[in-house]
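In case you want the letters, here they are:
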Amino acid sequence: MAMKNYTLNRLSKTVFTTVAAGAFAFAAMPVFAQRPDTNIVKKIVAEATNNSQLKKMGHELLDGIGPRLVGTPQMKTAADWAVKTFADWGINARIENWGTWRGWDRGITHIDLISPRVRTLEGMQLAWSGNTGGKTVTAETVIIPEVADSAAFAKWLPNAKGKFVLISMVQPTGRTDYNWDEFGTKESIAKMKAERDELTAAFAKRIRNTGLSPLALANALEKAGAVGIFSSYWSRAFGANKIFGAQAKKIPTIDLSLEDYGLVYRLTESGQKPKLSLRADSKDLGVVPSFNVMAEIKGSEKPDEYVILSAHFDSWDGASGATDNGTGTLVMMEALRLLKKFYPNPKRTILVGLWGSEEQGLNGSRAFVEDNPNVVKNIQAVFNQDNGTGRVVNIQGQGFLHSYDYIGRWLSAVPRSITQHIETSFPGRPGAGGSDYASFVAAGAPAFSLSSNSWSYGTYTWHTNKDTYDKVVFDDVQNNAILTAILAYMASEDPAKASREPVVIPADRSGNPGKWPEPRSPNRKGGQD
Ligand SMILES: [Zn+2]
């Protein structure tokens, strides 16, 4: 999730100026002076640079195992891989169960247009889709109709019987906005945008007029005897669609590429009665455990205080979950490897938390926070990374009044080649969601997001079918692993315990007093009725 660079309140503007690139001059803080062992820092940088394990790990995890949807066999395979990888480095790691989820295995999807012409279509089942019962199903298509109200839709519903139903709008252009901006005229761009807005509003109204929520609509189509549902969630990037979870229970739900969905839609609309054949071999696996992977280097002086390196391990499964959040995972694993090698006896305990089911609502980290109050009480710092493959460019103080002091102190040991890209803002505001640091912030623990630059994360890779190994920018990930390892080292060594004193949160627009986000319970029984 992209992080806004929060506007600071007046106090912080005068007292806590935004620390600009490379401007770390913390000599004026004698009380908490903290001298890093430059030898350790140098060794971390050299090992991360000359003997990086990122590509090896990235290939094993992203190519070899693949995506890590909660409830899938790949998530378990990946967790076993992580535990073994840590063990090979001499680091204790374990799988910690915190609940259950609906189990599912994706299997093959094969889709062909067979009439009026033959073309193999690009698409895939949505997560937790139903299957075609081991057969290939052939059927004609219908589009959700334009109706006046729910009664009219109920009257139409029998038309879905035996059909594949198209439930998404057709995109008027398969070109990205940046492509239009480069080659269109002012007039043609304006016309395209107006047309797209109009079509989007009209299709939203079409769905609304059925009187059904997306979930109820899928169930109604299934009940009416539709043999499958086709949708297309274009991500406004060439070739990229977002692949989320299916709503229908038994029949398959398929996302088609923008190009192929548009083709089928237009053929249907023009009365050519296109026929599709579909084979979808996913498997329902009943109920399976949901879990986190935890790795640990025990503290030597203050074993009951914790520095936590945090990244969610799970992903959506339209591709390999490379930048969401394979790269955050690799950063935390590589950082712990570096620490184990050059800082094997940390003052405080250093944990890596690779969380499960972040994508369905921060479930793994919320479970950890709920189940480990004694750890959470004694957290020195949490560093979380989860917004793509880019180098870290932003750290904000999450509403901890004195975060400027200690984050600044810790950053001062990081090479300038890394900090020069980082803008900080303090004390910031407590993040209420978006990624796992929020689970800790809500519990009052100093937790921070190491926020990346975008590399077109929101359109090209975030939850898309294009989030693959080749999108990883390894130089940036390496930069982040060094940053994280040094921050963890400094946080662990700090003579002082990081302050948790919160800022006074400004009142909202209607004058209600500002509130710190509340801790929330995880979903420990996911995808089950
Ligand atoms: Zn993520």
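Not measured: the values here are computed from a predicted model.

Peer 1: How do you make sense of the overall build of the chain when you look at a structure like this?
Peer 2: A tally of helices and strands in the chain yields 17 helices and 20 strands. The C-alpha radius of gyration computed for the chain amounts to 25 Å, which stays within 12% of the reference 24 Å derived for 529 residues, consistent with globular compactness. Overall, the C-alpha framework of the chain stretches about 80 × 50 × 45 Å when taken along its three principal axes. Across the 529 residues in the chain, those meeting the buried criterion constitute 55%. A sequence separation of at least 24 residues applies to 85% of the contacts in the chain between residues at least 6 apart. The positive charge centre, built from 60 side chains, and the negative charge centre, built from 53, are 2 Å apart in the chain.

Peer 1: What is the right way to look at the packing of aromatic side chains in this model?
Peer 2: The geometry of an aromatic ring pair is captured by the separation of the ring centres together with the interplanar angle, meaning the angle of the planes. On inspection of all chains with the given rule, the structure shows 19 aromatic pairs. Ring centres of Phe-368 and Phe-440 lie 6.1 Å apart, and the angle between their planes is 50°; on these two criteria the pair is classed as tilted. With Phe-368 in helix H11 (residues 363-371) and Phe-440 in helix H15 (residues 437-442), the pair connects residues that are 72 residues apart, well separated along the chain. Its relative accessible area of 5% is what places Phe-368 among the buried residues. Consider the rings of Phe-400 and Phe-448, whose centres lie 6.1 Å apart with planes at 65°: the pair is edge-to-face. Taken together, the residues span a long stretch of sequence, with Phe-400 in the loop between strand E16 (392-396) and helix H13 (403-411) and Phe-448 in strand E18 (residues 447-449) at a distance of 48 residues. For the pair shown, Phe-400 and Phe-448 are each scored as buried. The structure contains a cluster of three or more aromatic residues connected by ring pairs, namely Phe-383, Phe-400, Tyr-406, Trp-410, Phe-448 and Trp-516.

Peer 1: What am I meant to see in the nonpolar core here?
Peer 2: For soluble globular proteins, the rule of thumb is that nonpolar side chains tend to be buried together. Counting residues in hydrophobic clusters, the biggest one holds 86 residues, and the most contacted among them are Ile-308, Leu-309, Leu-339, Trp-410 and Phe-440. With 40 residues, the next largest nonpolar core counts Leu-113, Leu-166, Ala-248 and Leu-276 among its residues.

Peer 1: Where do I start with the coordination of the zinc ion in this structure?
Peer 2: Ideal values for angles at a metal depend on the geometry: 109.5 degrees with four tetrahedral donors, 90 or 180 degrees with six octahedral donors. Ligation of the zinc ion by protein atoms is provided by His-312 (NE2), Asp-324 (OD) and Asp-386 (OD), these donors lying 1.9 to 2.3 Å from the ion. Donor residues binding the zinc ion come from one chain and are separated in sequence as H-x11-D-x61-D. Here His-312 is found in strand E13 (residues 302-312), whereas its partner Asp-324 is found in helix H10 (residues 322-342), with 12 residues between them in sequence. Each member of the pair, His-312 as well as Asp-324, is classed as buried.

Peer 1: When you look at the pairing of strand E7 (residues 228-231) in this model, what are you seeing that I'm missing?
Peer 2: Looking down a regular strand, the side chains alternate between one sheet face and the other. Of the two faces of E7, the one holding Gly-228 and Phe-230 and the one holding Ile-229 and Ser-231 are both buried throughout. Pairing geometry for strand E6 (residues 164-166) and E7, over three bridges, is parallel. Within the sheet, the bridge partner assigned to Phe-164 lies in E7 and is Gly-228.

Peer 1: Explain the sheet that holds strand E4 (residues 123-125) to me, please; I cannot follow it from the model alone.
Peer 2: The strands that make up a sheet are held in pairs by hydrogen bonds between backbone atoms, and each pair lies either parallel or antiparallel. Taken together, the eight strands give an open sheet; going across it, the order is E3-E2-E11-E5-E6-E7-E10-E4, and neighbouring strands pair in mixed fashion. At either margin of the open sheet sits one strand with a lone partner, and together these are strand E3 (119-121) and E4. Along the sheet, successive strands turn relative to each other by an average axial angle of 30°, direction set aside. Pairing between E7 and strand E10 (residues 253-256): three bridges, direction parallel. For Ile-229, the partnering residue across the bridge sits in E10 and is Thr-253.

Peer 1: Please explain the pattern of salt bridges as it appears in this structure.
Peer 2: Opposite charge on two side chains permits pairing when their charged atoms draw close. The final tally for this structure, using the stated rule, is 21 salt bridges. Asp-476 serves as the salt-bridge partner of Arg-391, at 3.2 Å between the closest nitrogen and oxygen. Taken together, the positions of Arg-391 in the loop between strand E15 (379-384) and E16 and Asp-476 in helix H17 (residues 474-493) put the pair 85 residues apart, joining distant regions of the chain. A residue is classified by how much of its surface remains accessible, and Asp-476, at 8% relative accessible area, is buried. One connected set of salt bridges, linked through shared partners, spans Glu-47, Glu-334, Arg-337 and Lys-341.

Peer 1: Just to check I follow, could you spell out the environment of Glu-195 for this structure?
Peer 2: Relative to the assigned elements, Glu-195 resides in helix H7 (residues 186-209). Taking the C-alpha atoms as reference points, Glu-195 and Pro-172, separated by 23 residues in sequence, lie 7.6 Å from one another.

Peer 1: Sorry if this is basic, but what is going on with the packing of H10 against H17 here?
Peer 2: In a pair of packed helices, the angle between the axes and the distance between the axes together describe the arrangement. The N-to-C vectors of H10 and H17 enclose an angle of 50°; their axes lie 8 Å apart at closest approach. As summarised for this structure, H10 and H17 are arranged oblique, according to the angle between their axes. The chirality of how H10 crosses H17 is right-handed. Contacts from Thr-327, Val-331, Met-332, Glu-334, Ala-335, Leu-338 and Leu-339 of H10 reach H17 at Val-477, Asn-480, Ala-481, Thr-484, Ala-485, Ala-488 and Tyr-489.

Peer 1: Where do I start with the pairing of E16 in this structure?
Peer 2: Among the five residues that make up E16, four are buried, leaving the element largely enclosed by the rest of the structure. Here two bridges tie E16 to strand E19 (residues 451-452), and the two strands are oriented antiparallel to one another. Within E19, the residue paired with Asn-394 across the bridge is Ser-451. Pairing analysis gives three bridges linking E16 to strand E17 (residues 423-425), with the strands arranged parallel.

Peer 1: Looking at this structure, how should I read H10?
Peer 2: In an α-helix, one turn spans 3.6 residues, which is why side chains three or four residues apart end up on the same side. The end-to-end C-alpha separation of H10 is 28 Å, in line with the 30 Å expected for 21 residues at 1.5 Å each. Counting buried positions over the 21 residues of H10 gives 19, a clear majority of the element.

Peer 1: Got a minute to help me understand the sheet that holds E16 in this structure?
Peer 2: Taken in spatial order, the three strands make up an open sheet running E17-E16-E19, and their pairing is mixed. Looking along the sheet, the strands with just one partner apiece sit at the ends: E17 and E19.

Peer 1: For this particular structure, what's the right way to read the environment of Thr-132?
Peer 2: As for its placement among the helices and strands, Thr-132 is situated in the loop between E4 and strand E5 (137-143). Overall, Thr-132 belongs to the buried group, its relative accessible area being 7%. Put simply, Thr-132 and Ala-280 are 148 residues apart on the chain and 5.3 Å apart in space, counted from C-alpha to C-alpha. Contact partners of Thr-132, with chain neighbours within four places excluded, come to Val-137, Pro-252, Leu-278, Arg-279 and Ala-280.

Conventions we followed
Residues numbered from 1 in each chain as written. Predicted model: local features only at pLDDT ≥ 70, side-chain atom pairs only at ≥ 80, totals over all residues. Heavy atoms only, no water. Helix = DSSP H or I, 4+ residues; strand = E, 2+ residues; numbered from the N terminus. Rg over C-alpha atoms; globule rule 2.2 N^0.38 Å. Buried < 20%, exposed > 50% of the residue type's maximum accessible area, 1.4 Å probe, protein only. Contact = heavy atoms within 4.5 Å. Lys, Arg positive; Asp, Glu negative; His and termini not counted. Charge placed at Lys NZ, Arg CZ, Asp CG, Glu CD. Phe/Tyr/Trp six-rings, centres within 6.5 Å; stacked < 30°, edge-to-face > 60°. Core = buried A, V, L, I, M, F, W, Y, C linked by side-chain atoms within 4.5 Å. Donors = N, O, S within 2.8 Å, 3.2 Å for Na, K, Ca; no water. Pairing = 2+ DSSP bridges. Axes fitted to C-alpha atoms, helices over the stretch in contact; angles between N-to-C directions. Salt bridge = Lys/Arg side-chain N within 4 Å of Asp/Glu carboxyl O. Parallel < 35°, antiparallel > 145°, perpendicular 65-115°, else oblique. Left-handed = near helix turned anticlockwise from the far one by under 90°. Expected span 1.5 Å × (residues − 1).

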